[in-house]
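Coordinate analysis (summary)
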Amino acid sequence: MQRLNEILSTIDSFIGSSDWFPFVLLGTGLFFTLYLKFPQIRYFRFAFNVVRGKYDKAGDEGDTSHFQALTTALSGTVGTGNIAGVALALHLGGPAALFWMVVTAAIGMCTKFVEVTLSHKYREKAADGSMAGGPMYYMKNAEFKIGKKSFKLGWLAAIFAGATVLSSFGTGNMPQINSIAGAVKSTFAIEPWITGAVLSVILAVVIIGGIKRIAAVTERLVPAMAVVYFIGCFSVIFANAGNIIPAISSVFTSLFTTTAATGGFLGATIAYAFNVGVGRGLFSNEAGQGSAPIAHASAKAHEPVSEGMVAILEPFIDTIVICSITGLTLLSSGAWQEKHYNDFAVTDMSIIAGSDYTDDNKEDRIALKEHLSGEKPLPVFDGMLEVENGKIVSDVTVIHARSVAEEVVVNEYFDGPPLTGQVEIKKGVLQDAGISFYGKSLVHSSPLTAIAFTKGWFGEYGQYIVSIGLLLFAFSTAISWSYYGDRAMTFLAGSGSVKYYRVVYVAGFFVASIADTTIIWTVAAIAIALMTLPNLLGIFLLRKEMKLTIKEYWDGFKKEYPEEKTPE
């Protein structure tokens, strides 16, 4: 299994995890932003009128309201990335990474507008009477042109739909329950299989009801979980009110200069902060991936452009609002630059030869930062590490979570007795993952957010808000992605296949609560790339049709509502 995961990781390194992939996503969004003259700005206020149903008609076909389609799509994107992803971006790239996350979301608003409009335009009514849409339907039904040659992309639609089914398990299902089960166990000491069993039953009840029940749940769940999370965030921000201005200032002062080392944080270059911010921003709002258009295709609307405008609000809410508030919470708390006691992850740890390195002086900080960035690698330890009663005797420096580790204790196993003996290290990497390293270092992802939440008005109880938020965010993601897989199966094998898909989806959800899902994450990364690249190609080829569709929409709107001011 490990060998298979390595092969899949190698494949992923050439597509979804490659250096060029974020630039393709960002470039497509930037192209449409300029080509369509900044629709995410011009249509922003108008979109709220559409969500409120101001221009709805009684005969509009669909399964959900605009608001329900928006909350369903949001429940798929508002997830662990908002809690853990922002903390990881700040940990890696410093405050400047938050700025680039917001910029990426602003560009992604246009990408969402385009992909949702085209997907809604070419949606179909399934055999069971429900609406079925998404990028696979415009790939199948639209007429593409290159020069004078016309063609269809049905074969690409099949690839997209197949990748969506895989992604539904690898993005929305297994990793989500795995994260929930781990968080619930660490916070409330409830065994993972119990969490998995209870939530699997709830999931089954929700998704068996189809999009109408899913939408009914998400339209209540998304606002509720946002309120709970915001209460926790603002309790930290206002409790550290004196840090608000310095926190906001740090985002902008570090934009065009290398982020300065502070506390345990060793600093970050401009390029690194940019790459991290863009990467996490794209991960957070899923613009260009083609998943959200599947949810929006269910909306009752007679004009596809109007639903595209609703989608503009998605990255704004998901990233610009929620991620920004999370970032301000982390910055104002100061937790992001503090070292905390934690169990070291092997993948986050390296061992450098020589014990003279410290983050207390400028020269060492620069050397360590250049080592972590790959600019000037330091010599790593290779051989047998000598340990006596848990203390490292060999002349080494332990780096964990991009910081110099302190008070390191080596145990025979997790929560086990201190180790005495030798530990094999190859090229700076621990070879026996069963051996536990414990000590003080920076932390990231959801543990960092949990620590930050303890620095507010709720004190230690603040961490429970993170655990509850993680549970609600992750569970809502699982609900939405079940629908995405449902519509992909409808496209591939008809409405009759959906009931079998749902059974497998719920079963996989339970199994993943107690199993290792590493390989599923890797498969999902490849599947996401196989969704994104065909979708970006498709919307680019239909760019002229998109512009014409917008023009036709405003022409018709002005005839129907001559007194209304239009944001053309």
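What counts, and where the lines are drawn
- Residues numbered from 1 in each chain as written.
- Predicted model: local features only at pLDDT ≥ 70, side-chain atom pairs only at ≥ 80, totals over all residues.
- Heavy atoms only, no water.
- Pairing = 2+ DSSP bridges.
- Helix = DSSP H or I, 4+ residues; strand = E, 2+ residues; numbered from the N terminus.
- Buried < 20%, exposed > 50% of the residue type's maximum accessible area, 1.4 Å probe, protein only.
- Polar contact = N/O pair within 3.5 Å; in protein donor to acceptor, adjacent residues only side chain to side chain.
- Contact = heavy atoms within 4.5 Å.
- pLDDT = per-residue confidence, 0-100.
- Phe/Tyr/Trp six-rings, centres within 6.5 Å; stacked < 30°, edge-to-face > 60°.

So, about the sheet that holds strand β9 (residues 396-400). In spatial order, the strands read β6-β9-β10; together these three strands make up an open sheet with antiparallel pairing. Two strands in the sheet have a free side with no partner beyond their single neighbour: β6 (349-353) and β10 (403-404). In this sheet, β9 lies alongside β6 in antiparallel orientation, the contact comprising five bridges. Bridge pairing in β9 links Ala353 to Val396.

Moving on to the side chain of Ser332. On the secondary structure map, Ser332 appears in helix α15 (residues 304-333). Its relative accessible area of 0% is what places Ser332 among the buried residues. Reaching out from Ser332, the side chain makes a polar contact with the backbone oxygen of Leu328 at a distance of 2.8 Å. Once residues within four sequence positions are removed from consideration, Ser332 is found in contact with Val236, Ile237, Asn240, Asn243 and Ala247.

Next up on the list: the pairing of strand β5 (residues 340-343). Note on strand geometry: in a regular strand, side chains alternate between the two faces of the sheet. Only one face of β5 is covered, namely the one carrying His340 and Asn342; the face carrying Tyr341 and Asp343 has none of its residues buried. In the sheet, β5 pairs with strand β14 (residues 436-441) via four bridges, with the strands oriented antiparallel. Among the inter-strand pairings, His340 is bridged to a residue of β14, identified as Ser441.

Reading across from one edge, β8-β7-β12-β13 is the order of the four strands in this open sheet, with antiparallel pairing throughout. Looking at the sheet topology across the chains shown, the edges are occupied by β8 (391-392) and β13 (429-430). Note: strand β7 (residues 383-388) against strand β12 (residues 421-426), five bridges, orientation antiparallel. Bridge pairing in β12 places Gly383 opposite Ile425.

Moving on, we get to the confidence of the model for the protein. In this model, the protein carries a mean pLDDT of 86, and residues with pLDDT of at least 70 account for 94%. When pLDDT is averaged over each element of the protein, helix α3 (residues 39-42) comes out on top at 96 and helix α13 (residues 270-285) at the bottom at 70. Within the model, pLDDT remains below 50 along residues 260-264, and this stretch shows 16 contacts once partners closer than five positions in the same chain are excluded.

For β9, the tally of buried residues reaches five of five residues, placing the bulk of the element in the interior. Side chains Val396, Val398 and His400 of β9 all project onto a buried face; the interleaved residues Thr397 and Ile399 project onto the opposite face, where all are buried too. In terms of strand pairing, β9 meets β10 through two bridges, oriented antiparallel. By the bridge assignment, Ile399 is partnered in β10 with Val404. Hairpin geometry of β9 and β10 is characterised by an intervening segment of two residues between the two adjacent antiparallel strands and by a positive phi of about 50° at Ala401.

Right, let's get into the packing of aromatic side chains. For any pair of aromatic rings, the description rests on two quantities: the centre-to-centre distance and the angle between the ring planes. One pass over the full model with this rule turns up 35 aromatic pairs. Taken together, a centroid distance of 6.4 Å and an interplanar angle of 80° make the contact between Phe32 and Tyr35 edge-to-face. You can see Phe32 and its partner Tyr35 sitting in helix α2 (residues 21-35), three residues apart, about one turn around the helix. Summarising the aromatic geometry, the rings of Tyr553 and Phe557 are spaced 6.0 Å apart at their centres and angled 35° between planes, so their arrangement reads as tilted. Taken together, the positions of Tyr553 and Phe557, both in helix α21 (residues 543-560) and four residues apart, correspond to about one turn of that helix. In this structure Tyr553 comes out as buried when scored by relative accessible area, which is 4%. The exposure class assigned to Phe557 is buried, which follows from its relative accessible area of 4%. By way of ring pairs, the aromatic residues Tyr43, Phe46, Tyr55, Phe113, Tyr553, Trp554, Phe557 and Tyr561 are connected into one cluster.

Unusually for a residue other than glycine, Arg402 sits at a positive phi of about 55°. Position of Arg402 among the secondary structure elements: in the loop between β9 and β10. Using a relative accessible area of 17% as the deciding quantity, one classes Arg402 as buried. For Lys427, which is not glycine, the phi torsion reads 50° and is therefore positive. Relative to the elements of secondary structure, Lys427 occurs in the loop between β12 and β13.

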